[in-house]
Each structure stands twice: as structure tokens, then as C-alpha cells.
Amino acid sequence: MKLFNREIQSELAKIAETAGFLWQRNWAEANGGNISVNLTRFADSKILEMPSQQSEVALAEEVQAIAGNIFYVTGTGKRMRDVARSPLEFGAIIRVTGDGKKYEIISEKAVKPTSELPSHLSIHNFLKTRNTGYNVVLHTHPTELIALTHCPPFLDSRYLSKMLWSMIPETRVLIPKGLGVVPYVLTGTAELAHATLKALEKYDVIMWEKHGCLAVGEDMLHCFDLIDTLSKSARIYLDARTAGFEPQGLSDEQLDELARAFGLPVDSD
């Protein structure tokens, strides 16, 4: 870490902290989940010009909007509990080439990035094109939220979002766009990446059916908070059902009152 400036070391510390939270929540079984963070805004000329540690690797799709950008990515087959101990031993800092067609590893230990790197870079390219200001992509496996996607009614994004909003006020306030759902697609495929990009046109947090959750945002810990809050709502719902009753939830009027109080769009349907 001594090779990197204070700002990047701070981001690596956030990554380590979040990876630890994911493991503690039992959302990161074995090597489940992955993280990527755009570090370009913190990169000085020394970092931008660091030599490659291996040959350039071609990307299946060009990512012109993030050409030349610097990213931290977790390593393929690496466990979050290990990333929590040492982000650079179990992840890599990479640079997208100037033509947006390849990437290269520039961190000293040449750890191979997650197999889902092409999807992550496609998402970062989308976020940059849309001028969202988002720098983080976090994918993890929150148990209660995944459980809900095994129930057909909850595969409807609007239905699922409204139920989760109604369990606790914070969910309505912190996740005003709701939770999107992408129908099951084989992991690691271009089809899943494209379906994810479509969902991100409307949502900042999405569920991959029977697989996991993906959040985008400005900050690593904020992305974790979004998923954590949604998971809390899912747990309240499932605990109530386990106790033998259907939770009443906040009414439409109460949800709209929250929206007005916090300056959020009021659900018109």
C-alpha cells in the first residue's frame, strides 16, 4: 500500500471494511461476490504511469467512457474474509487501456481480477456515460433478499419494492428508487451484463433472481448500507411470516407521507 497515495489507501481501507461486513453478514460464502471501485479521481501521475505487471488482456466489449481509468477489483476465486485482511493481496488495481479495448494490472502483486470484471467494467462505463458520479459496483449474496426471489410474486420489481418500503421507514427514504429484479440468467454472461445495464437505467440496487444483489453508488460503505437496509426489511417480512402472520406494513398514505417529508417522488400508482 506504500506505493499509493493517502486517498487511495483510504479507499482500500473502506473496501477492506466492507468486505469484512459482507463476511460477517454471511453474504459472502466461499468466494461469493465481488467489488470494483473507480479510483481515477484519486490517481496522481505516479499511479497513472505505473508499468503493467503482465500483458494487456482484451475485453469482449469496448469501454470507451472509462478508457485510461484506474480501478480496484477483487480477485477471481478470492474470499471476502481474505479481502478484509489485505485488499491488495486478494485483489488488483488495474488500468483500462487508452483505446478502451483492454486492461492491464498495475498493482505489484499480479492477482487475476474477478471473472465478472467485464460486467463490472461495462457497468462503470454505463455509469460514466450517464454522468452519475457513481464510482462503486458491489455484488454480494444477501440471504433474505435472495430467498424472496424464489417466490414468483416478488420477481415483480414494483411489488417487491413496495413490500420492502413498507417494512421500515428507512427503506423508503434510503432507497427511493426501489429494488429492481433481473430474471435468472447464467452468471458471468454477456446476457446478464446487458440485462443488468437495462435495470440500472431505473434502479441503483438490483437483484439477480436466485443469485444475489448488486448496488452502485458514490461510496463503498454507502452501497453496503443500501443492501443492508433492504436486507433488514426482507428479514422483518420473513420473520413475521415465520411467526405465523402477514405483516401489516406501512400504508400507501404513510409511504407517501414519508416521501413528502424527505423530498422524494411520491408513488403515483
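Scroll up for the structure.
Residues numbered from 1 in each chain as written. Predicted model: local features only at pLDDT ≥ 70, side-chain atom pairs only at ≥ 80, totals over all residues. Heavy atoms only, no water.

Caption draft 1: The overall build of the protein chain, seen in detail. In terms of regular secondary structure, the protein chain is built from 10 helices and nine strands. Here the protein chain has a C-alpha radius of gyration of 19 Å; the compact-globule value for 269 residues is 18 Å, and the two agree. In terms of principal-axis extent, the alpha carbons of the protein chain reach across some 60 × 35 × 35 Å. Taking all 269 residues of the protein chain together, 52% fall into the buried category. (Helix = DSSP H or I, 4+ residues; strand = E, 2+ residues; numbered from the N terminus. Rg over C-alpha atoms; globule rule 2.2 N^0.38 Å. Buried < 20%, exposed > 50% of the residue type's maximum accessible area, 1.4 Å probe, protein only.)

Caption draft 2: View of the packing of helix 6 (residues 157-167) against helix 9 (residues 220-242). Direction vectors running N to C along helix 6 and helix 9 enclose 85°, while the axes themselves pass 8 Å from each other. One way to sum up the angle between helix 6 and helix 9 is to call them roughly perpendicular. For the pair formed by helix 6 and helix 9, the contact residues are Met163, Leu164 and Met167 on the first element and Leu230, Ser233, Ala234, Ile236 and Tyr237 on the second. Considering only residue class, the contact of helix 6 with helix 9 consists of seven nonpolar, one polar and no charged. (Axes fitted to C-alpha atoms, helices over the stretch in contact; angles between N-to-C directions. Parallel < 35°, antiparallel > 145°, perpendicular 65-115°, else oblique. Contact = heavy atoms within 4.5 Å. Nonpolar A, V, L, I, M, F, W, Y, C, P; charged D, E, K, R; others polar.)

Caption draft 3: Structural view of the nonpolar core. Ranked by size, the top nonpolar core spans 47 residues in total, and within it Leu145 and Leu164 carry the most contacts. Counting residues per element, this core draws most heavily on helix 9, which supplies eight residues. Beyond its immediate sequence surroundings of up to four residues, Leu145 is in contact with Leu164, Leu179, Met207, Cys213, Ile227, Leu230, Ser231 and Ala234. Core analysis: the next-biggest nonpolar cluster, separate from the first, contains 15 residues, Ile123, Val182, Leu192 and Val216 among them. (Core = buried A, V, L, I, M, F, W, Y, C linked by side-chain atoms within 4.5 Å.)

Caption draft 4: Quick look at the sheet that holds strand 3 (residues 70-74). Within the open sheet, the nine strands sit side by side as 2-5-4-3-1-6-9-8-7. Their pairing is mixed. Two strands lie at the open edges of the sheet, namely strand 2 (57-58) and strand 7 (179-182), each paired on one side alone. Strand direction decides the pairing type here: strand 2 and strand 5 (residues 102-105), joined by two bridges, are antiparallel. Its bridge partner lying in strand 5, Ala58 is registered against Lys102. Against the sheet, helix 4 (residues 117-129) makes contact with strand 1 (34-38), strand 3, strand 4 (91-96), strand 5, strand 6 (136-140) and strand 9 (212-217), and its axis sits at roughly 35° relative to strand 1, the strand it touches most. (Pairing = 2+ DSSP bridges.)

Caption draft 5: Here's a closer look at the packing of aromatic side chains. Evaluated as defined, the whole model comprises four aromatic pairs. Measuring from ring centre to ring centre gives 5.2 Å for Phe21 and Phe224, while their planes differ by 35°; the resulting arrangement is tilted. Placement of the pair is Phe21 in helix 1 (residues 6-24) and Phe224 in helix 9, with a sequence separation of 203 residues. With a relative accessible area of 25%, Phe21 lands in the partly exposed category. On the accessibility criterion, Phe224 (3% relative accessible area) is buried. (Phe/Tyr/Trp six-rings, centres within 6.5 Å; stacked < 30°, edge-to-face > 60°.)

Spatial relationships are all this shows, so hold off on functional conclusions.
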